[in-house]
Amino acid sequence: MTVTIAGVGAALPSAVLGNDHFAPLDTSHEWIVKRTGIHTRHWLGPGETLADLAEQASREALADAGRSAHEIDHVVVSTVTPDRVTPGIAPELATRLGAPGPPALDLNAACAGFLYALDYGCALIETGRAHCVLVCAAEALSRITDRTDRSTAVLFGDAAGAVVLSSTGADGSERPRFLLGSDGRHTDLLYADLEDRVLRMSGREVYEFAVDTMAGQTRKVLAECGLTTADIDCFIGHQANVRILRAVAAALDIPQARSQISIDKVGNTSSASIPFALWQARGAGRLRPGDRIVMAAFGAGFVWGAGVIRWKATPNTAVQTQEETCPT
Ligand code: ACO
């Protein structure tokens, strides 16, 4: 049974912060734009919760997919910043949506969490254990940002993005494929510990690792699928820095028009960044049914992932030749 992304949704908190907000930290709009590509970001305000954003994004994804909450048979939420230590957001989200008590869990794979959640959701459908999976990524990085540290305070934002995964009802078409990995030797380069609970980062080292890993893993997953970058309709990388995204696109020879950038308006929203960018691509009319979307992410751990999946594929979506079909 093969799987497609059937719908997407996104949500942002109401408060928008421009770069001028950080002027007291001895930084400038020009520095931030030039080094990161970020113009604005949204932070949760008083009374707003991540569950609110997750619900809004998920409702939109369900509507876009033409599915009802009663059809959801599994809910996965990727987050490093849940509303409470426990319980996670997923059970509350399922209940808010009116889903009839499906399995619901939160997952933490830092900025790569959405791809881990997608892989999990696809596996459930491919093995026949689910037919419709809601995958949401909801993050409030403002909760773990040191607002006095200019090297990190300017980078992060809050957002939620959600997709509905569903079976295409066809066995012969191209399967999604994800490559995931980790290397725990680098925990000290990017972490938030229990004592001060804010992100600490060696920016330059993380930058270099991010470019090499996202480009390398994307190349590898494409090769495993018998594809080349020419077969990519839309590339969505984790939105950590516009220079990282441009370097990855250049390394892979992906034209700018096929690489989605959303960091300018929302900053780095950790695992929510890929579904948010997907939502923007859909809104901009850049996606057609059956398009092949390629995604890549990396994050604290280090953890990473790259994958290929079709957008709104149907049983009639063109089947690849045998050589081009992803291995099972
Ligand atoms: N304004 C002005 N100057 C600044 C600022 C700022 N906001 N931040 C840092 N600087 C200064 C530094 O102090 C340094 O000054 P110095 O040369 O006098 O020592 C200078 O700018 C250069 O610093 P670099 O760190 O080398 O700057 P760089 O060009 O690498 O940009 C950045 C820094 C934006 C953090 C970049 O390294 C980056 O994007 N790294 C990757 C971030 C990332 O991907 N994080 C992972 C995701 S986070 C997560 O997983 C939740």
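Conventions and cut-offs
Residues numbered from 1 in each chain as written. Predicted model: local features only at pLDDT ≥ 70, side-chain atom pairs only at ≥ 80, totals over all residues. Heavy atoms only, no water. Pairing = 2+ DSSP bridges. Helix = DSSP H or I, 4+ residues; strand = E, 2+ residues; numbered from the N terminus. Axes fitted to C-alpha atoms, helices over the stretch in contact; angles between N-to-C directions. Contact = heavy atoms within 4.5 Å. Near = heavy atom within 4 Å. Polar contact = N/O pair within 3.5 Å; in protein donor to acceptor, adjacent residues only side chain to side chain. Areas by Shrake-Rupley, 256 points an atom, 1.4 Å probe, with all protein chains shown as cover. 1 Å grid on protein atoms, 1.4 Å probe; cavity = no way out; pocket = protein on both sides within 12 Å on 5 of 7 lines; lining within 4 Å. Sits in = over half its atoms within 2 Å of the grid points. Nonpolar A, V, L, I, M, F, W, Y, C, P; charged D, E, K, R; others polar. Core = buried A, V, L, I, M, F, W, Y, C linked by side-chain atoms within 4.5 Å. Buried < 20%, exposed > 50% of the residue type's maximum accessible area, 1.4 Å probe, protein only. Domains from an automatic or database assignment. Points joined across faces, edges and corners; volume = space filled by probe spheres on them. pLDDT = per-residue confidence, 0-100.

A. Structural view of the sheet that holds strand β11 (residues 234-237). Read from one edge of the open sheet, 4 strands run β8-β13-β12-β11, paired in mixed fashion. Unpaired on one side and paired on the other, β8 (177-182) and β11 mark the two borders of the sheet. This sheet shows a mean twist of 10 degrees between the axes of neighbouring strands, independent of strand direction. Bridge analysis of strand β12 (residues 292-299) against strand β13 (residues 303-310) gives 8 bridges, and the strand direction is antiparallel. Of the residues in β13, the one forming a bridge with F298 is W304. Helix α6 (residues 203-224) contacts β8, β11, β12 and β13 of the sheet and is inclined by roughly 40 degrees relative to β13. Lying over the sheet, helix α9 (residues 273-283) contacts β11 and β12, oriented at roughly 150 degrees with respect to β11.

B. Quick peek at the site of the ligand. Contacts to the ligand come from 23 residues, most closely from T27, R35, C111, N241 and R243. G203 has a polar backbone atom sitting 3.0 Å from a nitrogen atom of the ligand. Expressed as a share of its isolated accessible area of 1,000 Å², the protein-covered part of the ligand is 75%. Of the pockets mapped on this structure, the ligand occupies the largest pocket. Contributions of two or more residues to the shell around the ligand are made by α1 (29-36), α5 (150-153), α6 and α7 (242-252). The element contributing the most residues to the shell around the ligand is α6, with 4 residues. Of the residues in the shell around the ligand, the class split is 13 nonpolar, 6 polar and 4 charged.

C. Examining the sheet that holds strand β5 (residues 104-107) more closely. Taken together, the 5 strands give an open sheet; going across it, the order is β1-β7-β6-β4-β5, and neighbouring strands pair in mixed fashion. In this open sheet, the two edge strands, each paired with only one partner strand, are β1 (3-11) and β5. Neighbour to neighbour, the strand axes of the sheet diverge by 20 degrees on average, direction disregarded. Note that strand β4 (residues 74-78) and β5 share 4 bridges and pair parallel. Bridge pairing in β5 links V75 to A104. Docked against the sheet, helix α2 (residues 50-65) engages β1, β6 (132-140) and β7 (158-167), running at close to 135 degrees with respect to β1.

D. Inspection of the nonpolar core at higher detail. By size, the foremost hydrophobic cluster in this structure holds 43 residues, and its most contacted members are F235, I244, V248, F298, F302 and V308. Counting only elements with at least two residues in this core, the list comes to α6, α7, β12 and β13. The element contributing the most residues to this core is α6, with 9 residues. Taken domain by domain, this core gets at least three of its residues from each of domain 1 (3-167) and domain 2 (177-315). When neighbours within four sequence positions are excluded, V248 is seen to be in contact with V211, M214, A215 and F235. Counting 40 residues, the second-largest nonpolar core is a separate cluster that includes A110, A112, F114 and A117.

E. Expanded view of the side chain of N268. Here N268 lies in the loop between α8 (263-266) and α9. Judged by its relative accessible area of 6%, N268 falls in the buried class. Separated by 2.8 Å, the side chain of N268 and the backbone nitrogen of S270 make a polar contact. Dropping the residues within four chain positions of it, N268 is found in contact with I38, C111, L141, L155, F156, G157, H238, Q239, A240 and I263.

F. Structural context of empty space enclosed by the protein. What the rule picks out here adds up to 2 cavities of 30 Å³ or more. Approximately 30 Å³ is the volume attributed to the second largest cavity.

G. Region of the structure containing the environment of G290. Within the secondary structure, G290 is located in the loop between α9 and β12. By relative accessible area, which is 9% here, G290 ends up buried. A C-alpha to C-alpha distance of 11 Å links G290 and T168, two positions 122 residues apart in sequence.

H. Up close: the confidence of the model for the chain. Taken as a whole, the chain shows an average pLDDT of 94; of its residues, 96% reach a score of 70 or greater. In the model, residues 319-328 has pLDDT below 50 throughout and makes 21 contacts with residues more than four positions away in sequence or in other chains.

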